[in-house]
There are 2 protein chains.
Amino acid sequence: MVIPGWQSLSYFSDENNLCWFLEPELGKEIVRVHKVVGNAVTQDRYIVVGTGSTQLYQAALYALSPHDESGPINVVSTAPYYSSYPLITDYLKSGLYRWGGDAKTYKEDGPYIELVTSPNNPDGFLRESVVNSSKGILIHDLAYYWPQYTPITSAADHDVMLFTASKSTGHAGMRIGWALVKDRETARKMIEYIELNTIGVSKDSQLRVAKVLKVVSDSCGNETAKSFFDHSYDAMYERWKLLKQAAKDTKRFSVPDFASQRCNFFGRVFEQQPAFAWFKCGEEIVDCEKFLREEKKILTKSGKHFGDELSYVRISMLDRDTNFNIFLHRISSSSNSTL
Amino acid sequence: MVIPGWQSLSYFSDENNLCWFLEPELGKEIVRVHKVVGNAVTQDRYIVVGTGSTQLYQAALYALSPHDESGPINVVSTAPYYSSYPLITDYLKSGLYRWGGDAKTYKEDGPYIELVTSPNNPDGFLRESVVNSSKGILIHDLAYYWPQYTPITSAADHDVMLFTASKSTGHAGMRIGWALVKDRETARKMIEYIELNTIGVSKDSQLRVAKVLKVVSDSCGNETAKSFFDHSYDAMYERWKLLKQAAKDTKRFSVPDFASQRCNFFGRVFEQQPAFAWFKCGEEIVDCEKFLREEKKILTKSGKHFGDELSYVRISMLDRDTNFNIFLHRISSSSNSTL
């Protein structure tokens with residue numbers, strides 16, 4: 001991508017759009033990629049762009065919380081949940097919202113916000129809301145609902161859906177996410193949050209994401225070369241195959257079993273192959289993170305940060321090949337000696 | 001600037017820097033431009049990059065507020081103050097900090113944060129802290145401390161200083177600001193805020209700001225062509241000359257009088273020529289914003305949003321030539337008819 005020095009000076013991208021800081025080209029490519037992949041409904045949705053889906057999560061909390069004196073509203077999610085959610089929800093001690101913990105054990109009356117991450121970070125399973133109440137307001141974090149990670153079984157159709165460039169194409173450094181929002185007033189308040197928080201979103205990165213998504217969508221219509229998703233599916237498939245084999249061979253740890261489903265995008269049946277492995281140490285090990293760090297020289301994130309047990313850790317399946325191979329070697333070696 | 005598709009994928013920019021999401025090239029060019037212009041001390045300072053200085057302002061509040069049970073701490077600034085400050089301070093009803101109003105009338109005991117904007121938005125005057133207490137924690141917003149707006153009389157040397165690309169070179173759409181911070185722990189907590197708020201800052205825009213600042217600094221050493229600051233100084237000078245002349249001719253409004261000072265950067269004496277005109281309607285007009293809107297078809301922002309009187313409005317001096325000329329024509333015309 002080439003950006004001339006005089007380009008994108010203004011705060012504004014499109015004064016006629018409710019989301020006045022959304023670059024029109026990006027809006028167009030977001031609609032197109034969802035249509036090509038079939039993973040989300042975009043018709044009659046407001047698109048809100050954010051500085052990563054992290055900012056959009058906070059924008060959604062701001063938009064969905066009551067602004068009267070009844071707050072703060074509880075925000076819950078089923079454990080294991082993304083470890084940053086409690087931190088992001090509580091770091092400003094907001095009077096609008098607060099972390100309410102594990103949705104499975106949530107029992108309070110009154111309105112609450114439930115965060116549904118599907119496929120889930122850290123464990124990769126598909127999720128639906130669990131709190132059995134009509135007063136729940138839902139936010140769907142669909143960062144990983146792309147065909148390199150999971151079969152696309154239908155076009156997601158929820159009130160507030162969050163996506164991000166960092167997990168769809170891997171461009172984390174661009175810090176661009178987007179929300180697809182049904183309700184105009186919710187979208188308006190999310191936009192208001194982003195206006196107050198950062199007065200819009202980097203235009204340079206928006207234009208770059210537009211270009212990247214265009215290339216990805218174009219690749220899906222090209223019959224003479226592998227598409228972006230074919231390529232990344234194959235990479236994920238290979239890694240999960242190796243990890244599962246290592247689990248079987250060593251018998252000292254396990255990873256989740258996923259059911260096979262038919263993917264409408266690829267037109268074939270396969271199992272999930274998530275961005276993270278939710279890795280469980282064998283019975284004899286109480287603290288998996290400590291064991292891997294001390295005995296195997298592998299740095300992971302303990303299950304406790306995700307509202308779960310110490311016997312679990314989260315392991316990234318998206319690291320570079322050399323790192324992934326060292327990781328495989330270390331967990332496979334029967335001795336405690338390391339590379 | 002050219003960005004290849006594979007570049008800047010990672011969240012990380014420099015794992016050895018406290019500010020791990022700061023692009024090293026940008027850090028280098030920030031130090032260089034302050035050295036060239038002489039407007040701020042950078043030696044022994046931590047540089048924290050943000051999504052505009054708006055995010056850095058919030059990062060500073062997070063860093064400087066007590067996180068024990070004593071909060072929220074009051075945040076004050078002398079009126080007229082930037083109209084967004086109260087909104088940004090209060091929109092999340094934080095338990096850490098809250099807007100405390102005009103610093104001139106602030107009388108409470110105990111710690112507080114005072115925000116010093118110099119040159120000031122909206123009125124362009126140079127500012128110092130006004131609350132007479134040893135318990136004040138200061139944030140200096142120096143967005144407009146550049147030689148196209150004001151004489152550079154010394155290198156600013158405060159604990160927390162905020163700058164932004166949008167006011168130094170005009171690239172608002174990049175959403176990049178930076179803070180120069182003396183204290184390591186303050187910088188660390190500002191970085192923590194940005195990590196929780198947006199997991200870093202767009203790399204594409206950081207690299208572009210690095211390039212823009214490099215071109216600006218290079219232009220200052222070029223003896224055969226006008227520097228960036230010469231060029232923008234001349235543009236501001238011309239506009240202020242026309243506006244002052246219109247005030248003199250019509251006698252129906254006034255703009256501030258500024259004292260001349262010697263600028264170390266240009267090596268000559270001149271008056272401030274701020275990015276905004278703090279425009280006062282004549283005695284006979286109570287509500288200046290309403291008068292300009294209804295009688296002159298000029299949209300402005302009322303003094304009331306800046307903690308000041310209705311007889312004032314803020315007018316941007318940075319709009320495009322065609323808009324500025326229409327504005328001049330409309331305020332100069334003695335009749336109420338408009339273009």
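Residues numbered from 1 in each chain as written. Chains lettered and ligands numbered in written order. Predicted model: local features only at pLDDT ≥ 70, side-chain atom pairs only at ≥ 80, totals over all residues. Heavy atoms only, no water.

1. Considering the overall build of chain A
Scanning chain A from N- to C-terminus turns up nine helices and 13 strands. Its C-alpha atoms put chain A at 65 × 55 × 40 Å along the principal axes. Of all 339 residues assigned to chain A, the portion counted as buried reaches 58%. By sequence separation, contacts in chain A at least 24 residues apart represent 70% of the contacts at least 6 residues apart. Just so you have it, chain A exposes about 14,400 Å², and 50% of that area is on carbon and sulfur atoms. (Helix = DSSP H or I, 4+ residues; strand = E, 2+ residues; numbered from the N terminus. Buried < 20%, exposed > 50% of the residue type's maximum accessible area, 1.4 Å probe, protein only. Contact = heavy atoms within 4.5 Å. Areas by Shrake-Rupley, 256 points an atom, 1.4 Å probe, with all protein chains shown as cover.)

2. Side note on the interface of chain B and chain A
Quoted interface sizes are often the accessible area lost when the parts come together. Each partner contributes residues to the interface: chain B has 50 residues there, and chain A has 50 residues. Between chain B and chain A, roughly 3,900 Å² of surface is buried when both sides are summed, and carbon and sulfur atoms account for 51% of that area. On inspection of chain B and its partner chain A, the count reaches two salt bridges. Ionic pairing is found between A:Arg208 and B:Asp204, a salt bridge with its closest N-O pair at 2.6 Å. Applying the counting rule to chain B against chain A returns 50 residue pairs in polar contact (both at pLDDT 80 or more). Within the residue set of the side of chain B that touches chain A, elements represented by two or more residues are α2 (52-64), α3 (84-90), α4 (165-168), α5 (184-198) and α6 (203-220) of chain B. (Buried area = accessible area lost by both parts, 1.4 Å probe. Salt bridge = Lys/Arg side-chain N within 4 Å of Asp/Glu carboxyl O. Polar contact = N/O pair within 3.5 Å; in protein donor to acceptor, adjacent residues only side chain to side chain.)

3. Comments concerning the domain arrangement of chain A
Residues and elements named next belong to chain A. Here chain A is described as being made up of domain 1 (24-220) and domain 2 (228-332). One C-alpha centre belongs to domain 1, the other to domain 2; they are set 25 Å apart. Taken together, the contacts link 28 residues of domain 1 with 29 residues of domain 2. Interface area, domain 1 with domain 2, both sides summed: about 2,400 Å², of which 65% is carbon and sulfur. On the domain 1 side of the contact with domain 2, Gln-148, Tyr-149 and Pro-151 bury the most area, a combined 24% of that side's loss. (Domains from an automatic or database assignment.)

4. Let's talk about the sheet that holds strand β12 (residues 301-302) of chain B
Residues and elements named next belong to chain B. Strand order in the open sheet formed by four strands is β8-β11-β13-β12, and the pairing between neighbours is antiparallel. The open sheet is flanked by β8 (253-254) and β12, the only strands paired with a single partner. Relative to strand β13 (residues 312-316), β12 runs antiparallel, the two being bridged by two bridges. The residue of β13 that forms the bridge with Ser-302 is Val-313. (Pairing = 2+ DSSP bridges.)

5. What about the sheet that holds strand β11 (residues 276-281) of chain A?
Strands belonging to one sheet form pairs held by backbone hydrogen bonds; the direction of such a pair is parallel or antiparallel. Residues and elements named next belong to chain A. Taken in spatial order, the four strands of this open sheet run β8-β11-β13-β12, and their pairing is antiparallel. Since the sheet does not close on itself, it has two edges, and those belong to β8 (253-254) and β12 (301-302), each with one partner. Looking at chain direction, β11 and strand β13 (residues 312-316) are connected through five bridges and run antiparallel. Counterpart to Phe-279 in the pairing with β13 is Val-313.

6. Looking at the packing of helix α1 (residues 24-37) of chain B against α6(B)
All names here are of chain B. Their axes nearest at 9 Å, the elements α1 and α6 cross at an angle of 30°. In terms of orientation, α1 and α6 fall into the roughly parallel class. Regarding α1 and α6, the two cross each other, and that crossing is left-handed. Judged by residue contacts, Glu-25, Leu-26, Glu-29, Ile-30, Arg-32, Val-33 and Val-36 of α1 engage Gln-206, Val-209, Ala-210, Leu-213, Lys-214, Val-216, Ser-217, Asp-218 and Cys-220 from α6. Here the contact of α1 with α6 is built from residues that sort into nine nonpolar, two polar and five charged. (Axes fitted to C-alpha atoms, helices over the stretch in contact; angles between N-to-C directions. Parallel < 35°, antiparallel > 145°, perpendicular 65-115°, else oblique. Left-handed = near helix turned anticlockwise from the far one by under 90°. Nonpolar A, V, L, I, M, F, W, Y, C, P; charged D, E, K, R; others polar.)

7. Considerations on helix α9 (residues 321-332) of chain A
Residues and elements named next belong to chain A. The terminal C-alpha atoms of α9 lie 16 Å apart, and with twelve residues this matches the ideal 16 Å at 1.5 Å per residue to within 8%. Residues Phe-324, Phe-327, Leu-328, Arg-330 and Ile-331 constitute the buried set of α9. Mapping the buried residues of α9 onto a view down its axis gives an arc of 165°, with all of them on the same face. Away from its buried face, by an angle of more than 90 degrees, α9 presents the exposed residues Asp-321 and Thr-322. (Expected span 1.5 Å × (residues − 1). Arc of directions from axis to C-beta.)

8. Section: the relation of the copies chain B and chain A
With an RMSD of 0.0 Å, chain B superimposes on chain A once it is rotated by 180° and translated 0.0 Å along the axis. What the rotation and shift describe, once combined, is the action of a two-fold rotation axis. (Least-squares fit on C-alpha atoms with pLDDT ≥ 70 in both.)

9. Here's the deal with the pairing of strand β6 (residues 160-164) of chain B
Residues and elements named next belong to chain B. Taking burial as the measure, the five residues of β6 include five buried ones, the bulk of the element. Side chains Val-160, Leu-162 and Thr-164 of β6 all project onto a buried face; the interleaved residues Met-161 and Phe-163 project onto the opposite face, where all are buried too. In this sheet, strand β7 (residues 177-181) lies alongside β6 in antiparallel orientation, the contact comprising five bridges. Each residue of the ladder has a partner; that of Met-161, found in β7, is Leu-180.

10. A closer look at the UniProt feature "domain: Alliinase C-terminal" (unreviewed entry) in chain A
The feature "domain: Alliinase C-terminal" (unreviewed entry), as annotated in UniProt, sits at residues 1-333 of chain A in this numbering. In residues 1-333 of chain A, the share of helix is 35% and the share of strand is 18%. The end C-alpha atoms are 44 Å apart. (UniProt positions renumbered as here; feature names shortened; annotations may be inferred.)

11. Re the state of the cysteines
Two cysteines joined by a covalent bond between their sulfur atoms form a disulfide. Residue and element names in this part refer to chain A. For the structure shown, the criterion picks out two disulfides over all chains. For Cys-281, the disulfide goes to Cys-288, at an S-S distance of 2.3 Å. Here the disulfide of Cys-281 and Cys-288 is right-handed, its torsion about the S-S bond being about 65°. When sorted by exposure, Cys-281 lands in the same class as Cys-288, which is buried. Between Cys-263, a free cysteine, and Cys-220, which holds the nearest cysteine sulfur, the sulfur-to-sulfur gap is 11 Å. Taking relative accessible area as the criterion, Cys-263 reaches 0% and is therefore assigned buried. (Disulfide = S-S within 2.5 Å.)

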